[in-house]
Amino acid sequence: MRYTGGMKTTTIPSVRVEPELREQLERVLHEGESLSSFVENSVRETVRRRVEQAEFVTRGIASIEKAKRTGRFVDAGAVVAKLQTRLDKAQSKVRRRSAAKR
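Note that this is a predicted model, so its numbers are computed, not measured.

K.L.:
How should I be thinking about helix α2 (residues 35–70) in this particular structure?
P.N.:
The α-helix winds at 3.6 residues per turn, so residues separated by three or four positions along the chain end up facing the same way. The end-to-end C-alpha distance of α2 is 52 Å, a good match for the 52 Å that 36 residues give at a rise of 1.5 Å each. Turning to α2, its buried residues are S37, E40 and A67. After α2 finishes, the residue G71 shows a positive phi value of roughly 75 degrees.

K.L.:
I keep staring at the side chain of E40 and nothing clicks. Help me out?
P.N.:
On the secondary structure map, E40 appears in helix α2. Among the polar contacts made by the side chain of E40, one reaches the side chain of R44 at a distance of 2.9 Å.

K.L.:
Which parts of the structure should I look at to understand the layout of surface pockets?
P.N.:
Sizing a probe to match a water molecule and rolling it over the atoms shows the empty space that remains. Counted as a void, the second largest pocket has a volume near 280 Å³. If you go around the second largest pocket, the residues you meet are V15, V17, L21, R22, L25, L35, S36, F38, V39 and S42. For the lining of the second largest pocket, the secondary-structure elements that each account for two or more residues are α1 (19–28) and α2. In terms of residue count, the dominant contributor to the lining of the second largest pocket is α2 (5 residues). Classifying every residue of the lining of the second largest pocket by side-chain character gives 7 nonpolar, 2 polar and 1 charged.

Conventions used here
- Residues numbered from 1 in each chain as written.
- Predicted model: local features only at pLDDT ≥ 70, side-chain atom pairs only at ≥ 80, totals over all residues.
- Heavy atoms only, no water.
- Helix = DSSP H or I, 4+ residues; strand = E, 2+ residues; numbered from the N terminus.
- Expected span 1.5 Å × (residues − 1).
- Buried < 20%, exposed > 50% of the residue type's maximum accessible area, 1.4 Å probe, protein only.
- Polar contact = N/O pair within 3.5 Å; in protein donor to acceptor, adjacent residues only side chain to side chain.
- 1 Å grid on protein atoms, 1.4 Å probe; cavity = no way out; pocket = protein on both sides within 12 Å on 5 of 7 lines; lining within 4 Å.
- Points joined across faces, edges and corners; volume = space filled by probe spheres on them.
- Nonpolar A, V, L, I, M, F, W, Y, C, P; charged D, E, K, R; others polar.

What follows is the structure, encoded as structure tokens:
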């Protein structure tokens, strides 16, 4: 858990779930992991992911606005092709390394 010294903590409201979900959750807890720490980690991860999604959307909107202002658009097919080339090169490199180890 991550607490900042001197900062007061607060609680998250309890959540009602079906008994089956609670049982499933208890089965997947790691050794020594509490239900509270699992919930805290889940909330932190979800918040982090939503912040990243919001930042991604903000960057996308800014990119669209810039493209509209400048008239410079990049074709999606060109971007995908370039990414595919990079992926192919990386996979080829991995295959060569694997073959060299044998």
